[in-house]
Amino acid sequence: GMIDNKSVTAGSNGRQMDELTKQLVEARVKRSEIEESYNQVKAGAASNYGSVPAVVRSPGVLRAREIESENEKKLAEMAQRYGPKHPKYVAADSDLNAARENTKKQIQTIIDSVIKEYAAAKATEKTIEAELAQSKGEIQTLNRKEIQLGVLERDAATNRQLFETFLSRYKETAATSDARQPTARLVDVAVRANVPV
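Predicted model only: the values in this text are computed from it and were never measured.

Novice: Account for the packing of aromatic side chains, with residues named and values stated.
Specialist: Per the stated rule, a full pass over the model turns up 1 aromatic pair. Centroid distance Tyr-38 to Tyr-118: 4.2 Å. Interplanar angle 10 degrees. Geometry classified as stacked. Here Tyr-38 is found in helix α1 (residues 6-46), whereas its partner Tyr-118 is found in helix α4 (residues 87-180), with 80 residues between them in sequence. Assessed through its relative accessible area of 10%, Tyr-118 is described here as buried.

What follows is the structure, encoded as structure tokens:
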């Protein structure tokens, strides 16, 4: 589990953390933008959704309102010519009601998409935050292990140096002790004779 190339590992973790930080900033910006629409949707729920910018800008809602407006004109024309029970008036009224229902469905679709998009943006932000926290934890663990590795490397270098010193001294001692040993040895001590031989 030791690191062979610290710079490569630290560099890749640093790049990963930078990338996650960048993604988190982008996710927060996106969530913030969507949150604005979401808050407008929540505020619009109290009155109506027709004034919510996301609804107003929607091409589907714009087209549905155009159709609704056309049907209102058609009904107004029918009201001038025929009575409320005339089949053409009833058909125009039915078309107008269908157009209004279609507009409501289009608006509800936009509202639902804003709510889902906001929930997805929040979930993405939380996921990236969790990944960033995990990455920070891994980097901190890696830093602690690098510190421990440095201590162990210094201990190993010191022990290696001591061993080499002891080994060189042992060799010196062994070499000098072999050189000083006499070729003869004293087996018995000489004793002076009492009587000359």
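After presenting the structure, the write-up continues.
Novice: Account for the pattern of salt bridges, naming residues and giving values.
Specialist: Using the criterion set out here, one finds 9 salt bridges in the structure. Arg-28 is the salt-bridge partner of Glu-125, the closest N and O atoms lying 3.2 Å from each other. One end of the pair, Glu-125, is in helix α4; the other, Arg-28, is in helix α1, with 97 residues separating them in the sequence. The buried category is assigned to Glu-125, whose relative accessible area is 8%. Take Arg-28: its relative accessible area is 38%, and that puts it in the partly exposed class. Here Arg-28 and Glu-129 are joined by a salt bridge, their closest N and O atoms 2.8 Å apart. Of this pair, Arg-28 sits in helix α1 while Glu-129 is found in helix α4, placing the two residues 101 residues apart along the sequence.

Novice: Give a description of a nonpolar patch on the surface that names residues and reports values.
Specialist: Where nonpolar side chains cluster on the molecular surface, the patch consists of Phe-163, Leu-167 and Tyr-170 and spans about 350 Å² of accessible area. Note that Tyr-170 resides in helix α4.

Criteria and thresholds
Sequence positions are assigned chain by chain, starting from 1 and proceeding in written order. Only residues with pLDDT of 70 or above have their local features reported here, since the model is predicted, and side-chain atom pairs are shown and tallied only from 80 upward, although totals for entire chains, interfaces and linings are computed over all residues. Based on all heavy atoms of the structure, the side-chain values leave hydrogens and waters out of the count. Ring pairs shown here join Phe, Tyr and Trp side chains whose ring centres sit within 6.5 Å, with only the six-membered ring taken for Trp; geometry is labelled stacked below 30 degrees between planes, edge-to-face above 60, and tilted in between. In DSSP terms, a helix is any run of H or I states spanning at least four residues, a strand is any run of E spanning at least two, and both are numbered starting from the N terminus. Residue exposure (1.4 Å probe, protein chains only): buried if accessible area is under 20% of the type maximum, exposed if over 50%, otherwise partly exposed. We define a salt bridge as a side-chain nitrogen of Lys or Arg found within 4 Å of a carboxyl oxygen belonging to Asp or Glu. A patch consists of residues exposed above 30% relative accessible area that lack any salt bridge, with like charges linked at up to 9 Å and nonpolar side chains (Val, Leu, Ile, Met, Phe, Trp, Tyr) linked at up to 5 Å. Using the Shrake-Rupley algorithm and a 1.4 Å probe, accessible areas are obtained, with residue cover drawn only from the displayed protein chains.

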